[in-house]
Amino acid sequence: MGRMDSADGPRSSVEARVAGGSVERFLEGVERVSAPDRETVETALADCGVGSVRSEEWYPLSAVLDAVGVVVEAVGTDAVAAGGRWCGEVVAADATGVPEALATLDETYRRHHRGDAGGYGFRQIGPTDGRVECSTPYPCVLDRALVEGVARTAADGYVSLVEVSTCRDDGAERCTYELSW
């Protein structure tokens, strides 16, 4: 299988920036599961140099990633997954189907990130299945939840997501997921 479009990129870059609106959506997703965890995320962001988040501002991606790492250490991965899942639901809100939603994921990501921040690649394999490669600097748990949120929101029913072949947690450059819907 050949390379998928758009999933290339470095794991992180000090120069990369993330839109405040994306950080706000992440905070909303965390709060949907736990208000105290949202407070933990806000404190971690402030401690990492990102004060009150405003949608029109751009923040250093490295500071946001540092804060996410603090959150994982403080409360575990559930809060990070909740934030990622909600961001995925927002991305897919207007999609007419799973392939369309997953195909726009990279475009949406690039609108909300500046600089070298990696990306997402999607390839539809059959009428109800496909593959997504994630090469962002975000933790794998966030990427997986984001992809799952996109697919579940755009699907008419059941969605299966399975990690295959590579994972950044194991030192790979990207995580690869196969989905069926």
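Residues numbered from 1 in each chain as written. Predicted model: local features only at pLDDT ≥ 70, side-chain atom pairs only at ≥ 80, totals over all residues. Heavy atoms only, no water.

Novice: Quick question: what am I supposed to make of the sheet that holds strand β7 (residues 175-180) here?
Specialist: Each strand in a sheet pairs with its neighbour through backbone hydrogen bonds, running either in the same direction (parallel) or in the opposite one (antiparallel). If you walk across this open sheet you meet the 4 strands as β4-β5-β7-β6, and the pairing is antiparallel. Looking at which strands have only one partner, the edges of the open sheet turn out to be β4 (120-126) and β6 (160-163). Ignoring which end each strand starts from, the neighbouring axes of this sheet average 20° apart. Two strands pair when backbone bridges link them, and β4 and strand β5 (residues 129-134) are joined in this way by 6 bridges, in the antiparallel orientation. Residue pairing for β5: F122 is matched across the bridge by V132. Strands in contact with helix α5 (residues 98-111) are β4, β5 and β7; relative to β4, the strand with the most contacts, it is inclined by about 165°. Helix α6 (residues 140-154) rests against β4, β5, β6 and β7 of the sheet, and its axis sits at about 25° to β7. (Pairing = 2+ DSSP bridges. Helix = DSSP H or I, 4+ residues; strand = E, 2+ residues; numbered from the N terminus. Axes fitted to C-alpha atoms, helices over the stretch in contact; angles between N-to-C directions. Contact = heavy atoms within 4.5 Å.)

Novice: Please clarify how the environment of I125 should be interpreted in this entry.
Specialist: Following the sequence through the fold, I125 ends up in strand β4. Residue I125 is classed as partly exposed on the basis of its relative accessible area of 47%. For I125 and L179, which are 54 residues apart along the polypeptide, the C-alpha to C-alpha distance reads 9.5 Å. (Buried < 20%, exposed > 50% of the residue type's maximum accessible area, 1.4 Å probe, protein only.)

Novice: Is there a simple way to explain the pattern of salt bridges in this structure?
Specialist: In total, this model carries 14 salt bridges according to the counting rule given. As a salt-bridge pair, E42 and R38 come within 3.0 Å of each other at their nearest N and O atoms. Remark: R38 and E42 occur in helix α2 (residues 35-47); sequence separation between them is 4 residues, near one turn of the helix. By relative accessible area, which is 19% here, R38 ends up buried. (Salt bridge = Lys/Arg side-chain N within 4 Å of Asp/Glu carboxyl O.)

Novice: Whenever I open this one, the environment of A117 confuses me. Can you help?
Specialist: When you line up the elements, A117 lands in the loop between β3 (113-114) and β4. Sequence spacing of A117 and S62 is 55 residues, and the spatial spacing of their C-alpha atoms is 10.0 Å.

Novice: Please clarify how the nonpolar core should be interpreted in this entry.
Specialist: Proteins that are soluble and globular tend to have nonpolar side chains buried together. Counting 48 residues, the largest nonpolar core has L45, V64, L102, V147 and L179 as the members making the most contacts within it. Ignoring sequence-local partners within four residues, the contact set of L179 consists of L102, T128, D129, G130, V132, V147, A151, V159, S160 and L161. (Core = buried A, V, L, I, M, F, W, Y, C linked by side-chain atoms within 4.5 Å.)

Novice: I would appreciate a short explanation of the layout of surface pockets in the present structure.
Specialist: To locate leftover empty space, one rolls a probe as large as a water molecule over the atoms. By volume, the largest pocket is sized at about 420 Å³. S22, V23, C87, H113 and L146 are, among the 24 residues lining the largest pocket, the residues nearest its centre. Of all the secondary structure elements, the ones that give two or more residues to the lining of the largest pocket are α1 (20-33), α2, α3 (61-75), α4 (78-91), α5 and α6. At 5 residues, the largest contribution of residues to the lining of the largest pocket is made by α1. For the lining of the largest pocket, the class distribution of residues is 17 nonpolar, 6 polar and 1 charged. (1 Å grid on protein atoms, 1.4 Å probe; cavity = no way out; pocket = protein on both sides within 12 Å on 5 of 7 lines; lining within 4 Å. Points joined across faces, edges and corners; volume = space filled by probe spheres on them. Nonpolar A, V, L, I, M, F, W, Y, C, P; charged D, E, K, R; others polar.)

Novice: Looking at this structure, how should I read the sheet that holds β3?
Specialist: One open sheet accounts for 3 strands, arranged β2-β1-β3; its pairing is antiparallel. One side of each edge strand has no neighbouring strand; the edge strands of this open sheet are β2 (58-60) and β3. The pairing of strand β1 (residues 17-19) with β3 spans 2 bridges and is antiparallel. Note that in β3 the partner of R17 across the bridge is R114. In the packing of α1 onto the sheet, contacts are made with β1 and β2, and the angle to β1 comes to roughly 65°.

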